[in-house]
Amino acid sequence: MKDQAFLRRKERYVRNFVRLTNKTLANLEEIRNEIGGIELIYQKLSNLFVENKLITDKPIIGTFCYMIPDEIIIAAGGFPIKLCGGNYIAQIAGDEIAPRDSCPVVKSALGSFEMELLSIYTDCKLAIVPMSCDCKKKMAEKLVKYTKVLPLHIPSVKNEQNFKQLIPLYKDAIKHIENETGKKITESSLRKAINLTKSINREARKLMDFKKKLDTVITGSQAMAIVNAYQYIDREEYLSILKTINKSLKVKVKKKETMKRNKPRILLTGSPIVFPNYKLPYSIEELGAIIVADETCAGDRMLNDPVLVIDKTYEGMVRALVVKSILPCTCPTFSSNKERIYRLKQMIKDYQVDGILYNVLRGCIPYDFEQKAVEQLSKELEIPIISIETDYNTEDTEQIKIRLEAFVEMIKMK
Amino acid sequence: MYYIGLDGGSTYLKACLITKDKVIATKVLSSGISNNENANQLIKGLCHLGNIKEEQINGICSTGYSRRSIDIADDNVSEITAHAFGIRLTSGQDVTPRLVIDIGGQDMKVISLNEKGKVDNFIMNDKCAAGTGKFIEVIAEILDTTIDEVGSLSKESKNPADINSTCVVFAQTEIISLIAQKKDRKDILCGLHASMAKRIGKMARKYIKNGDILMTGGGAKNVGLIQALEDELMTDIFVAENSQFNGAIGAALYGMSLKEKE
């Protein structure tokens, strides 16, 4: 039994958590660019983050980062959810648990657990934490207080030898998942799960293709909400919503219901942007730019790379999933992360980018480190870059807007 | 063709009246609480100084923090763009600026320009107001002098004091202890400017390239700071004419460019 003081505190946190979520949802709904089906996404986000409804009756298996394939959780009958937090109020709650200089993603995840802010945290059966950055490593330690935790070793160097060691670790993770769901993964259930996420990948790539067109039909904030929401919706249902959205975008293209052409096209990269922390994308789009490309890990990177199964046995499929979870991952926690620069270069070309917005969440050292390399790339390609260091607070919004606005003007006058 | 530029900063509202190639008049008021009233008063004053009627004004453009709350302006533009435009009239004939350092009341900007004079990059201080006009103002008060005199006082220093804190509040504490040690205020001010220059230099060094460095904003009126910055970067620093009004002049020029497009 929690005491009364805790419940009163919790009530205050929940109240403000909901207010903040509502603000982001209202901002999204106000975007004057109607897309059929997107209201379903907002509805789902509101169901979870505002009404705190139960979103599934399957056992919830929480994950962090990019490196845990959803397929193994789905195949075991679980519901995979990314527990990375994006809410400032939860960050404040987490401030008491994590040190000042740790990142807001970790703080708000910890705060959500501590204050029991959402059903996905209170009902989480198992949290699988990849040992990616230092903050995640130490967070895993703290999470033990709230739920079962499985720390998963991720090598910092991508090579054959390290990769071989990984397979048994993922197999061990599968055992842990099976224990929680009470269901064994079979060859057919794994194949089904892989096919499902592959279909989602395919639809997500279609969505990204719409953003590549010079005549844009979708704003970056809207696209980000759609992709972000993937984590919180039943995957079958998500697939059908995504199909509806893509259909409606296709109609928009046909009817030429496109946005103004002269908007500077922005590539967003850097630390993760998790709902409802849409301060940066929303601000820069409000100031007349449009985010067309998204390289962040809670955004398009999450759905970008499909799994490639060649060997169709159980063994082979697990291998393929591990490959997908590590090799294409452009997280800067990997040492010598040239993939990220290649990917950015490719994206700048594919999406016809005019400027780069680099987000550094305060405390996110790996992304801060790689800022220099991306700046170098920006110099080479003569594409201007702006770096913003901030966390989830809203107090610095105006100062940030001054810089974003000047950046947008600068591109326009080029 | 007459144009007016208004620059609503944190401390002062600056205004200027220009024609295509000349600054005719400038005027300034404390920001106060009513931007609109101040703006109207400034415009009247400028017209009087320039000996023109208000109907003769072709366009009014605003910049600065409060640019959107100035109702009389037809257009507005961000500070960065305004400063890049402004130097066309303020940089003086022999200077080809590729780097503009603007020291305002509560912020400082370093703007890098390409060979055509267009912005190709910029940085602003984002954490606090250290190294800005407000900082000097606070310290000047402690040292019983004014912001207009700190520059010349500091130039007379023979043995600058060491000031390590960049935070206004901590620097204040440090300066009070320097006063207690009976240090000369000239030396304290000189040390202060050196510490500011170090901070500004850190931001500016990233963008230094061929071409001149131009100082704008109220801070450029401070000869002590200019000298400290020259010593820090070991290069010439040029001061814009009408430096405090560079933003306003730039806004007016920007407004003019919009009207010409129409």
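Residues numbered from 1 in each chain as written. Chains lettered and ligands numbered in written order. Predicted model: local features only at pLDDT ≥ 70, side-chain atom pairs only at ≥ 80, totals over all residues. Heavy atoms only, no water.

**Quick look at empty space enclosed by the protein**
All names here are of chain A.
- Across all of its chains, the model carries four cavities of 30 Å³ or more by this definition.
- If you add up the space inside the largest cavity, you get close to 170 Å³.
- Asp70, Lys82, Tyr230, Met302 and Lys324 are the residues nearest the centre of the largest cavity, which is lined by 15 residues in total.
- Mapped onto the lining of the largest cavity, the elements with two or more residues apiece are helix 3 (70–75), helix 9 (187–212), helix 13 (300–304) and helix 14 (314–326).
- Looking at which element gives the most residues to the lining of the largest cavity, the answer is helix 9, with three residues.
- When the residues that make up the lining of the largest cavity are grouped by side-chain class, the tally is seven nonpolar, three polar and five charged. (1 Å grid on protein atoms, 1.4 Å probe; cavity = no way out; pocket = protein on both sides within 12 Å on 5 of 7 lines; lining within 4 Å. Points joined across faces, edges and corners; volume = space filled by probe spheres on them. Helix = DSSP H or I, 4+ residues; strand = E, 2+ residues; numbered from the N terminus. Nonpolar A, V, L, I, M, F, W, Y, C, P; charged D, E, K, R; others polar.)

**Points about the interface of chain B and chain A**
- With 19 residues of chain B at the interface, the matching set in chain A holds twelve residues.
- In total, about 1400 Å² of surface goes out of reach between chain B and chain A, with carbon and sulfur atoms giving 56% of it.
- Across the pair Arg67(B) and Glu405(A) runs a salt bridge whose closest N-O atoms are separated by 2.0 Å.
- In this assembly, chain B and chain A are joined by five residue pairs in polar contact (both at pLDDT 80 or more).
- At five residues, strand 8 (residues 119–124) of chain B tops the list of elements feeding residues into the side of chain B that touches chain A.
- Here the residues of the side of chain B that touches chain A sort into eight nonpolar, three polar and eight charged. (Contact = heavy atoms within 4.5 Å. Buried area = accessible area lost by both parts, 1.4 Å probe. Salt bridge = Lys/Arg side-chain N within 4 Å of Asp/Glu carboxyl O. Polar contact = N/O pair within 3.5 Å; in protein donor to acceptor, adjacent residues only side chain to side chain.)

**Concerning the sheet that holds strand 1 (residues 60–63) of chain A**
All names here are of chain A.
- Here we have four strands laid out as an open sheet, ordered 2-1-3-4, and parallel in their pairing. Edge strands, defined here as strands with exactly one partner in the open sheet, are strand 2 (79–82) and strand 4 (148–152). Direction aside, neighbouring strands of the sheet carry axes that sit 25° apart on average.
- For strand 1 and strand 2, the ladder comprises four bridges, and the chain directions are parallel. By the bridge assignment for strand 2, Ile60 is matched with Phe79. (Pairing = 2+ DSSP bridges. Axes fitted to C-alpha atoms, helices over the stretch in contact; angles between N-to-C directions.)

**Some points on the packing of aromatic side chains**
Residue and element names in this part refer to chain A.
- All chains considered together, the criterion is met by seven aromatic pairs over all chains.
- Ring centres of Phe113 and Tyr146 lie 5.6 Å apart, and the angle between their planes is 15°; this geometry places the pair in the stacked category. Taken as a pair, Phe113 in helix 5 (residues 104–114) and Tyr146 in the loop between helix 7 (134–143) and strand 4 lie far apart in primary sequence, 33 residues in all.
- Overall, Phe113 belongs to the buried group, its relative accessible area being 4%.
- The exposure class assigned to Tyr146 is partly exposed, which follows from its relative accessible area of 23%.
- Ring centres of Phe275 and Tyr278 lie 5.7 Å apart, and the angle between their planes is 80°; this geometry places the pair in the edge-to-face category. As far as burial versus exposure is concerned, Phe275 and Tyr278 are alike and both buried. (Phe/Tyr/Trp six-rings, centres within 6.5 Å; stacked < 30°, edge-to-face > 60°. Buried < 20%, exposed > 50% of the residue type's maximum accessible area, 1.4 Å probe, protein only.)

**Focus on the pattern of salt bridges**
Residue and element names in this part refer to chain A.
- On inspection of all chains with the given rule, the structure shows 44 salt bridges over all chains.
- Its salt-bridge partner being Lys44, residue Glu237 comes within 2.7 Å of it at the nearest N-O pair. With Glu237 in helix 11 (residues 235–254) and Lys44 in helix 2 (residues 38–49), this pair connects stretches of sequence that are 193 residues apart.
- Judged by relative accessible area, Lys44 falls into the partly exposed class, the value being 23%.

**Some remarks on the layout of surface pockets**
- Computed from the structure, the largest pocket encloses a volume of approximately 1500 Å³.
- Around the largest pocket, the lining is made up of 41 residues, and of these Asn121(B), Phe122(B), Ile123(B), Lys206(B) and Tyr207(B) lie nearest the centre.
- Those elements that place two or more of their residues in the lining of the largest pocket are helix 16 (365–381), strand 8 (385–390) and helix 17 (397–413) of chain A together with strand 7 (108–113), strand 8 and helix 6 (185–205) of chain B.
- Considered class by class, the residues forming the lining of the largest pocket number 14 nonpolar, eight polar and 19 charged.

**A few points about helix 5 (residues 168–180) of chain B**
Residues and elements named next belong to chain B.
- Spanning 13 residues, helix 5 covers 18 Å between terminal C-alpha atoms, matching the ideal 18 Å at 1.5 Å per step.
- Within helix 5, the full set of buried residues consists of Val168, Ala171, Glu174, Ile175 and Leu178. Projected down its long axis, helix 5 shows its buried positions confined to an angular sector of 120°, all on one face. Projecting away from the buried face of helix 5 at angles above 90 degrees are the exposed residues Val169, Phe170, Thr173 and Ala180. (Expected span 1.5 Å × (residues − 1). Arc of directions from axis to C-beta.)

**Some points on the side chain of Lys136(A)**
Residue and element names in this part refer to chain A.
- For Lys136, the position within the fold is in helix 7.
- In this structure, Lys136 is buried with no salt-bridge partner, the nearest side chain bearing the opposite charge being Asp134 at 11 Å.
- Setting aside its immediate chain neighbours within four residues, Lys136 contacts Phe64, Cys65, Cys84, Val105, Val106, Val129, Pro130 and Met131. (Lys, Arg positive; Asp, Glu negative; His and termini not counted.)

**Quick notes on the sheet that holds strand 7 (residues 355–361) of chain A**
Residue and element names in this part refer to chain A.
- Here we have four strands laid out as an open sheet, ordered 6-5-7-8, and parallel in their pairing. Among the strands making up the open sheet, the edge pair consists of strand 6 (290–294) and strand 8. Shown here is a sheet whose adjacent strand axes are inclined to one another by a mean of 30°, direction ignored.
- As defined by bridge partners, strand 5 (residues 265–270) adjoins strand 6 across four bridges and the pair is classed as parallel. The residue bridging Leu268 from the neighbouring strand is Asp294, located in strand 6.
- The strands touched by helix 12 (residues 279–286) are strand 5, strand 6, strand 7 and strand 8; relative to strand 6, the strand with the most contacts, the crossing angle is about 140°.

**As for the packing of helix 1 (residues 4–30) of chain A against helix 2 of chain A**
All names here are of chain A.
- Running from N to C, helix 1 and helix 2 cross one another at 175°; their axes reach a closest spacing of 10 Å. Here helix 1 lies roughly antiparallel to helix 2, going by the angle between them. Here Phe17, Val18, Thr21, Leu25, Leu28 and Glu29 of helix 1 lie close against helix 2, whose contacting residues are Tyr42, Leu45, Ser46 and Phe49.
- Partitioning the contact of helix 1 with helix 2 into residue classes produces seven nonpolar, two polar and one charged. (Parallel < 35°, antiparallel > 145°, perpendicular 65-115°, else oblique.)

**Some remarks on the environment of Ile55(A)**
Residue and element names in this part refer to chain A.
- With respect to the helices and strands, the residue Ile55 is situated in the loop between helix 2 and strand 1.
- For the pair Ile55 and Ser119, spaced 64 residues apart in sequence, the C-alpha to C-alpha distance is 8.2 Å.
- Look past the residues within four positions of Ile55 in its chain and what remains in contact with it is Leu48, Phe79, Ile81, Ile120 and Tyr232.

**Let's talk about the packing of helix 4 (residues 88–95) of chain A against helix 5 of chain A**
All names here are of chain A.
- Where helix 4 contacts helix 5, the axes come no closer than 6 Å and their chain directions differ by 80°. Put simply, helix 4 runs roughly perpendicular to helix 5. Contacts between helix 4 and helix 5 involve Ala90, Gln91, Ala93, Gly94 and Asp95 on the former and, on the latter, Pro104, Lys107, Ser108, Gly111 and Ser112.
- When its residues are assigned to classes, the contact of helix 4 with helix 5 shows three nonpolar, five polar and two charged.

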